[in-house]
Structure formats: structure tokens, C-alpha cells
Amino acid sequence: PVAVLLFIVALAQFATAGEIEPNQPRQIVLTWQSDPQTTMTITWRTDVAGDESVVYFSTEKGLKTSHRQLQEAETYTFDGTAAWLHSAELTGLKPGETYWVVVETDGHKSDEFSFRTAPGESKDLLFVIGADAQHLRTQMHVIREVFKRACQEDPDAFIYSGDFVNAELSDFEWDLFFDTWHELMITDEGRRIPIIPAMGNHEVIAGFGGTKEDAPFYYNRFRLPEPETYHMIQYGPDFTIISLDSNHTATVEGEQLAWLESTLEQCQDSKWILAHYHVGSWWRTETLSAKIRSYWVPLFEKYQVDLVHSGHSHSYMRSVPVHGLKRFTDEIDDMIATGLAR
């Protein structure tokens, strides 16, 4: 079975980092652009571009020269940030294997850490899911405690449904998120926890109806599967994770809707299907939630999605399994409005 721990990350004490060399790797984050059974993407930050950035990796701890492999990283930056980013996708990995890694920029190495590829066969899985930390400095003691607790569960990955920061173009807040993530989302045994993100309104200028260019930190700091604005991860043979964009940089209908149905059709052999996105389907009567109910929920029901998670409301709510709700849209809108009025 797939266990999903629901942490309400309405989460942000920030300990300022000590002086570090400008080409010292930090803010290491793990994502997937391709199959989690055979790939892993590793991205880190330095304060200068550097001349050479590489990843050393091996199935043996200690990275003995005779057994380790090397992958060169792409180096880039973007307007509005002081960061230089280095990203490498490791490919040709073995399913269900632990790999040990050191990243390096101009001879400055990170501490050794590990990651685990997705299994090639059915097995128990454990994921943490949450949203809306926003990394407000006044809330950092809460965020840090939640991240620590989440990591102690040793999850396969953290599924994050948007609002990583409060100010979408704040280099400081994004640094705060990635510094905290780097520090805390690593187990006592040295395994870094990958993240599977979805876009929230605090990642994009004006919150809704934007483009990828309006969300430069999100799309440059997280390397994601195509088409990036929404994407799918097949984690092993049994678990499909679909990350959607609730009208932040992609419309609910149109191309995303067609992609969602096509993806759900393709994933019917998966034992578990989870969809996540930022603005919830049921918690409000506003137009966007009603549109999600109209377009996405019927597909969730048609293709028997097992679990849907959203953020945005800064509240913890859950329901029993629900089916056939499309027939009662108006009645449900009235129920929500009445409940909110109370």
C-alpha cells in the first residue's frame, strides 16, 4: 500500500548560515524530470558561476575512485536572483538502489549524501504531502519542526502542493526555503528526500493567469518533467502522482484538461493514483473552485483517482471517499456557501 502522511504545512526560526566560500555548493534539491526508477535530477546553488560543476555518484558509500561515476552539470542563472544554479540529471540508474553522491563546483565539495531510486517491483511506499509554508520569518519555528518531523518518517518523497514563499520574486524568501530544505530534509543516515512540487499562487506574479515567465524562481529552481506547468511522475509500478496547475501559469481547461484525461487514461494500470494542486475543488464557491469541480472532478471520478490533495485554505480538512458529485454541483455550492456563512 501507499501511505501518505498529511502535514498541514501552513508553515516558516531561521538560522543564518555562516560565512561560506562563494563556490561552495549549498541548497541541494532533488527532483525528477524522467523515470524515478532510473534517473535523479540534482540541483544546487553557489554564489558565483564557477568554471566546472560536477556530480560524483556510486552505489558504494565513500565514492571510491574506481567505482564512482561523473556527470557534468549545467550552470545557469536568471534575472532577479544572486544565485548561480547547477543541475545534472543522472540517468541509467538501477531501480530500488541507493546511490551515494558528492556535488562539486571548482573543487569545493558538498558533504556526501545519498538518494534512493523508485522500486522496480511492488512494495510498500511512504510519502509526505503538504502545502503553504510560505516561509514567513515569524513562522519559521513551526516550519522547521514540521520539516524535521516529516523527515523522521523517512518518506520516499515529499509531495508539495504550492506556496513555497510569500513573495514570488523575493530572493531572500526562496533562499530561506532552500536553505531550510537543504538543512532539514535529510535523514540521520544521510539520505536526501526528493520533492514533487506543484505551482501555487504565491509562486507567480499576480497569483493567477500568469505565464512561466511570471514565475522565474519556481521554474528555474525546480527541474520538472515536461510540460513543467503540470506533470506526472510514475513512482515504481504502483503509484502515479499527477501535479496540476490551478490557473497560476496554465488554465484549468484547454490543453491542461486534455493532458489530464490522456494521462489518466495511460495510468489505469497503476494501483494508486494521486492528484495534487493548489486551490481546492470544494472549500469555496469562488469561480476557480467551481471550474475545477466542473472540469477536473468528473475526470477524477471517471478514472478512479484514489486521493486528491490541495492547499491554499491554510486549514486541515479531509473527507470520506466521494463519488458522483457532478450531479449535485448546485446543491453542493449552496451547502458550501451556507457552511461558510455560519
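As the structure is a computational prediction, the values presented were derived from the model and not from experiment.

Rules of the game
Residues numbered from 1 in each chain as written. Predicted model: local features only at pLDDT ≥ 70, side-chain atom pairs only at ≥ 80, totals over all residues. Heavy atoms only, no water. Helix = DSSP H or I, 4+ residues; strand = E, 2+ residues; numbered from the N terminus. Rg over C-alpha atoms; globule rule 2.2 N^0.38 Å. Buried < 20%, exposed > 50% of the residue type's maximum accessible area, 1.4 Å probe, protein only. Areas by Shrake-Rupley, 256 points an atom, 1.4 Å probe, with all protein chains shown as cover. Lys, Arg positive; Asp, Glu negative; His and termini not counted. Charge placed at Lys NZ, Arg CZ, Asp CG, Glu CD. Salt bridge = Lys/Arg side-chain N within 4 Å of Asp/Glu carboxyl O. Expected span 1.5 Å × (residues − 1). Arc of directions from axis to C-beta. Contact = heavy atoms within 4.5 Å. Pairing = 2+ DSSP bridges. Polar contact = N/O pair within 3.5 Å; in protein donor to acceptor, adjacent residues only side chain to side chain. Axes fitted to C-alpha atoms, helices over the stretch in contact; angles between N-to-C directions. Left-handed = near helix turned anticlockwise from the far one by under 90°. Nonpolar A, V, L, I, M, F, W, Y, C, P; charged D, E, K, R; others polar.

Caption draft 1: The arrangement of the overall build of the protein chain in detail. Looking only at helices and strands, the protein chain features 7 helices and 17 strands. Relative to the 2.2 N^0.38 estimate, which gives 20 Å for 342 residues, the radius of gyration of the protein chain is 20 Å and therefore close to what a compact globule would have. Along the longest, intermediate and shortest principal axes, the C-alpha atoms of the protein chain span 65 × 45 × 35 Å. The buried share among the 342 residues of the protein chain stands at 53%. Per element, the accessible surface of the protein chain, about 15,200 Å² overall, is 47% carbon and sulfur. Side-chain charges of the protein chain comprise 27 positive and 51 negative groups, with the mean position of each set lying 5 Å from the other.

Caption draft 2: The pattern of salt bridges, seen in detail. In this structure the tally under the stated criterion is 12 salt bridges. Of the charged contacts in the structure, one is a salt bridge between Arg-45 and Asp-175, with a shortest N-O distance of 2.7 Å. Here Asp-175 lies in helix α2 (residues 171-184) and Arg-45 lies in strand β3 (residues 40-46), a separation of 130 residues in the sequence. Classification of Arg-45 by relative accessible area gives buried; the value is 4%. Given a relative accessible area of 15%, Asp-175 falls into the buried group.

Caption draft 3: Local environment of helix α4 (residues 255-266). Between its first and last C-alpha, α4 extends 16 Å over 12 residues, near the 16 Å set by a 1.5 Å rise per residue. Where α4 is concerned, the buried positions are Gln-256, Trp-259, Leu-260, Thr-263 and Leu-264. The arc enclosing the buried residues of α4, seen along the axis, measures out at 130 degrees, which places them on a common side. In α4, the exposed positions that point more than 90 degrees away from the buried face belong to Glu-255, Glu-265 and Gln-266. Along its buried surface, α4 packs onto β14 (231-235), β15 (239-243), β16 (272-279) and α6 (297-302).

Caption draft 4: Fine view of helix α1 (residues 140-152). Compared with an ideal rise of 1.5 Å per residue, which puts 13 residues at 18 Å, α1 spans 18 Å between its outermost C-alpha atoms and is within 8% of the ideal. For α1, the complete set of buried residues consists of Met-140, Ile-143, Arg-144, Val-146, Phe-147, Ala-150 and Cys-151. One side of α1 holds all its buried residues, which, seen down the axis, span an arc of 165 degrees. Once α1 ends, the next one or two residues include Asp-154, with phi positive near 55 degrees.

Caption draft 5: Inspection of the pairing of β14 at higher detail. What you see with β14 is a clean split: His-231, Ile-233 and Tyr-235 sit on the buried side and Met-232 and Gln-234 on the side with no burial. As judged from the 5 bridges shared by β14 and β15, these two strands associate in the antiparallel manner. Bridged to His-231 within β15 is Ser-243. Hairpin remark: β14 followed by β15, antiparallel, with 3 residues in the connecting loop; positive phi at Gly-236, about 70 degrees.

Caption draft 6: Summary view of the side chain of Gln-256. Residue placement: Gln-256 occurs in helix α4. Within polar-contact distance, the side chain of Gln-256 engages the backbone nitrogen of Asp-245 at 2.8 Å. Other than its neighbours up to four places away in sequence, Gln-256 contacts Tyr-230, Leu-244, Asp-245, Ala-250, Thr-251 and Trp-296.

Caption draft 7: View of the sheet that holds β3. Spatially, 4 strands are ordered β2-β3-β7-β6 in an open sheet, and the strand pairing comes out antiparallel. At either margin of the open sheet sits one strand with a lone partner, and together these are β2 (26-31) and β6 (74-76). Strand-to-strand twist in this sheet, taken as the mean axis angle between neighbours without regard to direction, amounts to 20 degrees. Here β2 runs beside β3; their pairing, made up of 4 bridges, is antiparallel. Across the sheet, residue Thr-31 finds its bridge partner in β3, namely Thr-41.

Caption draft 8: Here's a closer look at the packing of α1 against α2. Between α1 and α2, the shortest axis-to-axis distance is 10 Å and the interhelical angle comes to 35 degrees. Remark: the crossing between α1 and α2 carries right-handed chirality. Judged by residue contacts, Met-140, Arg-144, Phe-147, Lys-148 and Cys-151 of α1 engage Leu-176, Phe-177, Thr-180, Trp-181, Glu-183 and Leu-184 from α2. Of the residues belonging to the contact of α1 with α2, the class tally is 7 nonpolar, 1 polar and 3 charged.

Caption draft 9: Molecular detail of the environment of Ile-42. Tracing the chain through its elements places Ile-42 in strand β3. As a C-alpha pair, Ile-42 and Leu-90 span 48 residues in sequence and 7.9 Å in three-dimensional space.

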